[in-house]
Amino acid sequence: MKRRVLPVLALLIISCNFETKKISSEEVLEQESKSLNWKEVDEYPAFEECQQETELTAARNCFETAVANNVYAYLEKQQPVVSKSIDDTIYIYLEITKKGKPEIDSISAIDSTVTNQLPKIENWLRESIDSLPKIYPASKRGIPVSTAFKMPIVIKAE
């Protein structure tokens, strides 16, 4: 009986052909990169007061609100004087670098009424962004990444 089992076991072991394929780290990285959604981040950029937000939408809202509040506070300090009422929206295209530095990519075309009444508005907007407190950059898989935002700034003056 022992002699019959041994050839059968040997046949089973020989017939099981396990194939393994060695995958290079470059191939793993390429496959992983294809599966990631690079348009979304795991964590949004954050100011100190927004770091406790864990839900993405709440973290984004906290960040955008803090930027807007800082810009409006800076503009109020300039104490602009206008002769006509203004009600316009300017869009700032803002990038937060992977080092947490805020940079204005561009500012939407500013209406001539606004530029006539507030000729320094673009400088004030740039200075307000430069004066933002420390920003912790966004991250994807724990790695800091750059992010871009389109921020509306409502200009109302009477």
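For the structure itself, consult the block above.
What you see is a predicted model; the values in this text were computed from it and never measured.

Visitor: Could you give me a rundown of the sheet that holds strand β5 (residues 147–157), with the residues and numbers involved?
Guide: Strand pairing within a sheet occurs via backbone hydrogen bonds; the two strands may be parallel or antiparallel. With antiparallel pairing, the three strands of this open sheet are ordered in space as β2-β1-β5. Two strands bound the open sheet, and with one partner strand each, they are β2 (102–107) and β5. Averaged over all pairs of adjacent strands, the angle between strand axes in this sheet comes to 35 degrees, irrespective of strand direction. Bridge count for strand β1 (residues 86–96) against β5 is 11 bridges, and the pairing is antiparallel. Looking at β5, one finds that E95 is bridged to A148. Contacting β1 and β5, helix α3 (residues 56–77) crosses the sheet at an angle of about 40 degrees to β5. Packed onto the sheet, helix α5 (residues 121–130) meets β1, β2 and β5 and runs at close to 155 degrees relative to β2.

Visitor: So what's going on with the pattern of salt bridges? Residues and values would help.
Guide: Under the definition given, this model contains three salt bridges. Between K140 and D42 there is a salt bridge whose closest N-O contact spans 3.9 Å. Taken together, the positions of K140 in strand β3 (residues 138–140) and D42 in the loop between α2 (25–35) and α3 put the pair 98 residues apart, joining distant regions of the chain. Note on K140: relative accessible area 9%, which makes it buried. Salt-bridge contacts for E122 lead to R126; the nearest nitrogen and oxygen are separated by 3.4 Å. Residue E122 and its partner R126 are both found in helix α5; the two are separated by four residues, about one turn of the helix.

Visitor: Give a description of the nonpolar core that names residues and reports values.
Guide: Ranked by internal contacts, the top residues of the largest apolar core, which has 28 residues, are V67, I121 and L125. Sorting the residues of this core by element identifies α3, β1, β2, α5 and β5 as the ones contributing at least two each. Here this core gets six residues from one element, more than from any other, and that element is α3. With near-sequence residues (within four places) excluded, L125 lies in contact with V71, L75, I90, I92, I104, I107 and I153.

Visitor: Hey, could you go over the state of the cysteines for me, with residue numbers and the actual values?
Guide: According to the stated counting rule, one finds one disulfide in the structure shown. Between the sulfur of C50 and that of C62 lies a disulfide, 2.0 Å long from S to S. Between C50 and C62, the S-S dihedral sits near -80 degrees, and the bridge is therefore left-handed. On the criterion of sequence distance, the pair formed by C50 in the loop between α2 and α3 and C62 in helix α3 is long-range, its members being 12 residues apart.

Visitor: Please give an account of the packing of aromatic side chains that cites residues and values.
Guide: According to the stated counting rule, one finds three aromatic pairs in the structure shown. For the pair F47 and F63, a centre-to-centre distance of 5.2 Å together with 15 degrees between the ring planes defines the contact as stacked. Taken together, the positions of F47 in the loop between α2 and α3 and F63 in helix α3 put the pair 16 residues apart, joining distant regions of the chain. Taking the centre distance of 5.2 Å and the plane angle of 40 degrees together, the rings of F63 and F149 count as tilted. Residue F63 is found in helix α3, and its partner F149 is found in strand β5; the two are separated by 86 residues along the sequence.

Visitor: Provide a residue-level description of the pairing of β2, including the pertinent values.
Guide: Bridge count between β1 and β2: five bridges; the pairing is antiparallel. Looking across to β2, one finds that L94 is bridged to I104. Linking β1 to β2, which pair antiparallel, is a turn of five residues; within it G100 sits at a positive phi near 85 degrees.

Parameters and conventions
Residues numbered from 1 in each chain as written. Predicted model: local features only at pLDDT ≥ 70, side-chain atom pairs only at ≥ 80, totals over all residues. Heavy atoms only, no water. Pairing = 2+ DSSP bridges. Helix = DSSP H or I, 4+ residues; strand = E, 2+ residues; numbered from the N terminus. Axes fitted to C-alpha atoms, helices over the stretch in contact; angles between N-to-C directions. Contact = heavy atoms within 4.5 Å. Salt bridge = Lys/Arg side-chain N within 4 Å of Asp/Glu carboxyl O. Buried < 20%, exposed > 50% of the residue type's maximum accessible area, 1.4 Å probe, protein only. Core = buried A, V, L, I, M, F, W, Y, C linked by side-chain atoms within 4.5 Å. Disulfide = S-S within 2.5 Å. Phe/Tyr/Trp six-rings, centres within 6.5 Å; stacked < 30°, edge-to-face > 60°.

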